[in-house]
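A structural walkthrough
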Amino acid sequence: MRWGVVMALGLVPVAPPEPSRLALRLGWPVDCRLGETCAIQNYPDEDPGPGVRDYACHARSYDKHDGTDIRLVSMALQRRGVNVLAAAEGNVLRVRDGVEDKSVRDQPPGAIAGRECGNGVVIAHGGGWETQYCHMRQGSLVVRSGQHVSAGQVLGKVGLSGDTEFPHLHLTVRKDGKAVDPFALGAPAGTCRAGRSLWQQTPPYREGEILVAGFAAGPVQMKDVQANGADQRPRPSRTTPIVAFVQAIGLEAGDVQRLVLAAPDGRILADNQAPPLDHDKAQQLLFAGRGRVPAGGWPTGEYRATYSVIRDGKMVLTNTAKTVL
Ligand SMILES: [Zn+2]
């Protein structure tokens, strides 16, 4: 009937858009602030062989990794609850819940075989496009199979389920059943930063990143930083040792890190220049500190810890953290 009306008006009928020709546009799938509460830990691996290469021709990935890992800066943040959001409108194809939030490091080998994604959601967007969300928190999923979801709708929360040892969302984007790189769709093999981004707002590529920078009253371990981020207790005071620490991700072989701790008057209390990294590091922790408290305690004022990474003679990362004693 409607067709007839159109014809009667003498208008040229317009064919409906063919979904398969429409590219998917992706919103950010985690309710976090990149560079503050979250960071991209791994990109998809574009190398077809045993090597590792992300779309920018660095190695912020691992062999056969088919998605984008968006990492929360601490387990404390994960426990408070960070929402996973539908990257685009679509229909929920499948969900899985019931997998415990537990690091693979704390489980026997093979414990999560067949459940590597952990608690997850798959959404079909039409035109052969799908997005898959992995490692979500047990019991947090709020959508069910067959449900229509709008872009940005809450699916559940970031967790620690499946094949993971830090809280993150793994997002796989598929076209016609095959994983694609949302940062570089259609990039010819072997090219760098080519192809087309599917993101509405493409996150800037970072050649390494500072995840956490803070101060403590003594040595801290990676597990402490992963648990509580910059918020380490007890906090340093005028009468305790003072230790600055930085957790960086995505560093490369040959990178030279340095952490300099300075007193309020500018005097250098500690200067830790690490030897060049012998291989690429997914994450790395560096300290600079003073254990011996001066008689009468540390002077009051602002203490600064300046971190830098030199790569091929160029500074690729720098940051100054401050604390007041
Ligand atoms: Zn992943």
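Quick caveat: nothing in here was measured; it's all calculated off a predicted structure.

From N to C terminus, the protein includes three helices and 17 strands. A principal-axis box enclosing the C-alpha atoms of the protein has dimensions of 95 × 45 × 45 Å. For the protein, restricting intrachain contacts to residue pairs at least 6 apart in sequence, the fraction spanning at least 24 positions comes to 68%.

Cis rather than trans, the peptide bond between Arg233 and Pro234 has omega equal to -5 degrees. With respect to the secondary-structure elements, Pro234 resides in the loop between helix H3 (222-228) and strand S12 (242-251). Located in the positive-phi region is Cys57, a residue other than glycine, with phi close to 65 degrees. Within the secondary structure, Cys57 is located in the loop between strand S1 (38-42) and strand S2 (68-72). According to the relative accessible area criterion, Cys57 is partly exposed, its value standing at 27%. Although it is not a glycine, Arg193 adopts a positive phi angle of roughly 50 degrees.

Right, let's talk about the coordination of the zinc ion for a bit. The protein atoms that coordinate the zinc ion are His65 (NE2), Asp69 (OD), Asp69 (OD) and His170 (ND1), at distances of 2.0 to 2.8 Å. Angles of 52 to 152 degrees at the metal separate the four donor atoms of the zinc ion, which places the site in the irregular class. Read in sequence order, the donor residues for the zinc ion give the motif H-x3-D-x100-H. With His65 in the loop between S1 and S2 and His170 in strand S9 (residues 168-175), the pair connects residues that are 105 residues apart, well separated along the chain.

Taken in spatial order, the four strands of this open sheet run S14-S13-S16-S17, and their pairing is antiparallel. Pairing within the sheet leaves two strands with one partner each, and these edge strands are strand S14 (268-273) and strand S17 (314-324). For this sheet the average axis-to-axis angle between neighbouring strands, irrespective of direction, equals 10 degrees. Note: strand S13 (residues 256-262) against strand S16 (residues 302-311), seven bridges, orientation antiparallel. The partner of Arg258 across the bridge, within S16, is Ser308.

Moving on to the environment of Gly195. One can find Gly195 in the loop between strand S10 (178-180) and strand S11 (209-216). Apart from the residues within four sequence positions on either side, Gly195 is in contact with Ala184, Leu185, Gly186 and Ala187.

Within this structure, the stated rule accounts for three disulfides. Note on cysteine connectivity: Cys117 is disulfide-linked to Cys134, with sulfurs 2.1 Å apart. On the sign convention where negative is left-handed, the bridge of Cys117 and Cys134, at about -100 degrees about the S-S bond, is left-handed. Of this pair, Cys117 sits in the loop between strand S4 (90-96) and strand S5 (119-126) while Cys134 sits in strand S6 (residues 129-136), placing them 17 residues apart in sequence. Each bonded cysteine in the protein gets a number by its place in the sequence, and the pairs come out as 1-2, 3-6, 4-5.

Attention shifts here to the nonpolar core. Generally speaking, nonpolar side chains in soluble globular proteins are found buried as a group. Ranked by internal contacts, the top residues of the largest apolar core, which has 48 residues, are Val121, Tyr133 and Leu155. Of all the elements in the fold, those that place two or more residues in this core are S1, S2, S5, S6, S9, S11 and S12. Those residues in contact with Leu155 that lie beyond four places of it in its chain are Val84, Leu85, Ala86, Val121, Ile123, Tyr133, Met136, Ser140, Leu141, Val142, Val143 and Val149.

With that settled, the discussion passes to the sheet that holds S11. Here we have three strands laid out as an open sheet, ordered S11-S12-S15, and antiparallel in their pairing. On the outer flanks of this sheet lie S11 and strand S15 (281-290), each paired with one strand and no other. Averaged over all pairs of adjacent strands, the angle between their axes in this sheet comes to 15 degrees, without regard to strand direction.

Glancing now at the side chain of Thr240. Here Thr240 lies in the loop between H3 and S12. On the accessibility criterion, Thr240 (19% relative accessible area) is buried. In terms of polar contacts, Thr240 uses its side chain to reach the backbone amide nitrogen of Ser237, at 2.8 Å.

With that settled, consider the pattern of salt bridges. Enumeration over the complete set of coordinates arrives at 18 salt bridges. A salt bridge links Asp271 to Arg258; the shortest N-O distance between them is 2.6 Å. Placement of the pair is Asp271 in strand S14 and Arg258 in strand S13, with a sequence separation of 13 residues. Judged by its relative accessible area of 34%, Arg258 falls in the partly exposed class. Its salt-bridge partner being Asp265, residue Arg267 comes within 3.9 Å of it at the nearest N-O pair. Counted as one network, the salt bridges with shared partners bring together Arg193, Glu207, Glu252, Asp255 and Arg311.

Before going further, it helps to spend a moment on the packing of aromatic side chains. According to the stated counting rule, one finds eight aromatic pairs in the structure shown. When the centroid spacing of 5.1 Å and the interplanar angle of 20 degrees are considered together, the rings of Tyr55 and Phe183 count as stacked. One end of the pair, Tyr55, is in the loop between S1 and S2; the other, Phe183, is in the loop between S10 and S11, with 128 residues separating them in the sequence. Given a relative accessible area of 8%, Tyr55 falls into the buried group. Their ring planes at 90 degrees and their centres at 5.5 Å tell us that Tyr55 and Tyr205 sit as a pair that is edge-to-face. Taken together, the residues span a long stretch of sequence, with Tyr55 in the loop between S1 and S2 and Tyr205 in the loop between S10 and S11 at a distance of 150 residues. The class for Tyr205 is buried, based on a relative accessible area of 12%.

Cut-off values and rules
Residues numbered from 1 in each chain as written. Predicted model: local features only at pLDDT ≥ 70, side-chain atom pairs only at ≥ 80, totals over all residues. Heavy atoms only, no water. Helix = DSSP H or I, 4+ residues; strand = E, 2+ residues; numbered from the N terminus. Contact = heavy atoms within 4.5 Å. Buried < 20%, exposed > 50% of the residue type's maximum accessible area, 1.4 Å probe, protein only. Donors = N, O, S within 2.8 Å, 3.2 Å for Na, K, Ca; no water. Tetrahedral: all angles 85-135°; square planar, octahedral: opposite > 155°, others 65-115°. Pairing = 2+ DSSP bridges. Axes fitted to C-alpha atoms, helices over the stretch in contact; angles between N-to-C directions. Disulfide = S-S within 2.5 Å. Core = buried A, V, L, I, M, F, W, Y, C linked by side-chain atoms within 4.5 Å. Polar contact = N/O pair within 3.5 Å; in protein donor to acceptor, adjacent residues only side chain to side chain. Salt bridge = Lys/Arg side-chain N within 4 Å of Asp/Glu carboxyl O. Phe/Tyr/Trp six-rings, centres within 6.5 Å; stacked < 30°, edge-to-face > 60°.

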